[in-house]
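Below are the chains, spelled out letter by letter.
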Amino acid sequence: MSTAKDSGAASWRFDLMLVLAATLVAFLVNAMSGFPELANARGDNDSLLQLVQVRDLLGGQGWFDMHQYRMGLEGGFVMHWSRLLDAPLALGMLAASAVTGNMPLAEQVVQVLWPALLFMLTLFFTVRAARRFGGAPAVLPAVVIGAAAYHFVGIYSPGSLDHHNVQLMLIMASLSLLLGTPVRGPAAFAAGVCAALSMAIGMESLPSAGSIGAVVALLFLFDGAQERLVARYFGLGVAALAAFAFVTTVPMSAWGQAQCDAYSVVQFVVAALAGAGLAALATLDAAARDRQRRLVSLGLLAVAIGAVVVLFFPQCLAAPYATLDPRLKEMWLDHIDEAQSLRQLVFESPASVMARYATPAVALVLMALRLRRGPWRRQESLVGALLLVAFLVSVWQVRGSTFSIAFAVIPLSAWIAQWRERARTNPSRGVALRMAAVWLVSVNAVWTGAAAAASIALEGKKTPATTERGVKVDIACEAKATYATLARQPNTVVLAVSNLGSPILAYSGHRVFAGPYHRNIAGDLAALDAFMGSADGARAIVEAHHVGLVAVCPTNGETKLLTGKAPAGFMAELVRGVVPAWLESVPGTLAGPLQLYRVKAVGAEGGAT
């Protein structure tokens, strides 16, 4: 027994050492380039607004008050994000400012160290999962292809403060804990906590968290003797975290309000019922004695959960953006790269298909071959379910590919390990070449490079700048320095397109109408009406909402979209240099990427306030 424990501790330390080395390499690569994301978010609006949210919290905004007062119409709107992410970021900034004595510097420290920490943790849990799935020989491949995937996928770049990297880390932690043999009670409990916490932070991880819970329940159904303890403690972990998140992030005044896009009574009731129900069934001998009883009990639990949703929260069964205004769907949602489907990418950006779908597709083929050859273990059930669900989500929306690329690392590492063993026992040129091919096929960065080369070849020119997530941006429009002149203007309301909303909040003290968030309906529609309508119509909106500045970046993709849809509109006229009498240009900005226009005072050239 002690030998096994010592061996486990040694493997843990060895894996951590390799992961720390890979993290240091990734950190040095970013450092040598000067952490460019800190000066240019490259279209990462969510991370910029996350920074603003944390600043607001540190500035005295209430813990339960999730309003973003500086975006939207008067009074702002309520964000659907979670304070569970704001808390560690705020604590990190307070700690860094205590050391440096400089809050702006402290923010930069957190913007660099937080993604690096999450990179390390995600890679560590990935490596542990690969070891438990494919044995010790899979560790080195997991470090190499995992580090490459996480570096190039973009969610761990310096400045990445939004919730996607935290959610992936938590899901990978839950998977890693459940792949152990045997899985002890504390590990199963922690796995349940991690899965539920990822969902409490954001609904994007619901498919993965739900898949883990479903597989745990199915394993309990088919192998009650071995999986009973796992199901019991996993369920308790889910229920405990669901209750904790509800009490700590939802004010008592909103306990009865259902929010389908954010953690609320809906998610709490479903998660608590599912977790506590699974734990109870696994504990009660009358329900867990044999497979038939487990089937009936789990079936009744599933029916009860479904009935609760249908009877009390039917609105959450609709499509996520079913109630979104058609104009916003046409002018905003349909043009978000992360929300594009695989079918759209095939026709509009075929090269990006390789970067996002190649390694998950290869991994799915490998899992299918393992299923055909057998034996099919509990490890294959967990990894296969997560990989398949994430891939299906990515077919619907490309953002799901971030998870499928991560899960693909596990079977790909085992595949490489098998070929490394073949090369060791049969050191022929043919085996060595095939092993090299397996390595290349498994590295997501190779497919990303091939996609970039194919895109250049297809277009015959250099492609537009993109974020690591594939979002087309104009670098000049996104750079922090671009907003220096705007930041020096007296604080007012700024009329700008939604892509510029988060940078304006992060880099200045102004308010904005628009921002790329589905709850900011009124603000986004006001901006659309102003820019796509006539100059006189824009003036009426400006007067009604006390706008002081109009900001236009002519090369921004959203600006081009609006001018193309409304060639005679207010935005199109500004881009052509036709400025109405009630506006005047801010000196020195017309030659730059961000053109600023000041609203004249009442009585000046017939202008507005």
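Residues numbered from 1 in each chain as written. Predicted model: local features only at pLDDT ≥ 70, side-chain atom pairs only at ≥ 80, totals over all residues. Heavy atoms only, no water.

Nonpolar side chains in soluble globular proteins tend to be buried together. By size, the foremost hydrophobic cluster in this structure holds 116 residues, and its most contacted members are Leu-175, Phe-234 and Phe-407. Broken down by element, the residue count for this core peaks at 14 residues, all from helix α17 (residues 401–425). Dropping the residues within four chain positions of it, Phe-234 is found in contact with Ser-174, Leu-178, Ala-188, Phe-189, Ala-191, Gly-192, Ala-195, Ile-212, Gly-213, Val-216 and Leu-278. Within the second largest apolar cluster, 58 residues are counted, among which are Ala-41, Met-66, Leu-328 and Trp-332. (Core = buried A, V, L, I, M, F, W, Y, C linked by side-chain atoms within 4.5 Å. Buried < 20%, exposed > 50% of the residue type's maximum accessible area, 1.4 Å probe, protein only. Helix = DSSP H or I, 4+ residues; strand = E, 2+ residues; numbered from the N terminus. Contact = heavy atoms within 4.5 Å.)

Let us now look at unusual backbone geometry. With an omega dihedral of -5°, the bond running from Thr-181 to Pro-182 counts as a cis peptide bond. Along the chain, Pro-182 falls in the loop between α6 (164–178) and α7 (185–201). Located in the positive-phi region is Phe-35, a residue other than glycine, with phi close to 45°. Looking at the secondary structure, you find Phe-35 in the loop between α1 (2–32) and α2 (45–58). With a phi angle near 55°, His-546 is a residue other than glycine that sits in the positive phi range. Mapped onto the secondary structure, His-546 falls in the loop between α24 (535–544) and β5 (547–552). Relative accessible area serves as the criterion here: at 55%, His-546 is assigned to the exposed category.

What follows concerns α17. Given a rise of 1.5 Å per residue, 25 residues ought to cover 36 Å, and the 36 Å separating the end C-alpha atoms of α17 matches this to within 8%. A large share of α17 lies buried, amounting to 19 of its 25 residues. (Expected span 1.5 Å × (residues − 1).)

Applying the stated criterion across every chain, the model contains 2 disulfides. Between Cys-477 and Cys-553 runs a disulfide, and the two sulfur atoms are separated by 1.7 Å. Judged by the sign of its S-S torsion, about -75°, the bond between Cys-477 and Cys-553 is left-handed. On the criterion of sequence distance, the pair formed by Cys-477 in helix α20 (residues 475–478) and Cys-553 in the loop between β5 and α25 (557–565) is long-range, its members being 76 residues apart. (Disulfide = S-S within 2.5 Å.)

With 6 of its 6 residues buried, β5 lies for the most part within the structure. For strand β3 (residues 493–495) and β5, the ladder comprises 3 bridges, and the chain directions are parallel. Note on β5: the bridge partner recorded for Leu-495 is Val-550. Note that β5 and strand β7 (residues 595–599) share 4 bridges and pair antiparallel. Pairing of Val-550 across the sheet is with Tyr-597, part of β7. (Pairing = 2+ DSSP bridges.)

Of all the 5 residues making up β7, 4 are buried; the element is thus mostly covered by neighbouring parts of the structure. As paired strands, strand β6 (residues 583–585) and β7 are joined by 3 bridges and run antiparallel to one another. Across the sheet, residue Leu-583 finds its bridge partner in β7, namely Val-599.

It is worth spelling out the packing of helix α4 (residues 103–134) against α17 at this point. Their axes nearest at 9 Å, the elements α4 and α17 cross at an angle of 50°. As summarised for this structure, α4 and α17 are arranged oblique, according to the angle between their axes. Read as a crossing pair, α4 and α17 show a hand that is right-handed. Contacts from Thr-126, Ala-129, Ala-130, Phe-133 and Gly-134 in α4 reach Val-409, Ile-410, Pro-411, Ser-413 and Ala-414 in α17. Here the contact of α4 with α17 is built from residues that sort into 7 nonpolar, 3 polar and no charged. (Axes fitted to C-alpha atoms, helices over the stretch in contact; angles between N-to-C directions. Parallel < 35°, antiparallel > 145°, perpendicular 65-115°, else oblique. Left-handed = near helix turned anticlockwise from the far one by under 90°. Nonpolar A, V, L, I, M, F, W, Y, C, P; charged D, E, K, R; others polar.)

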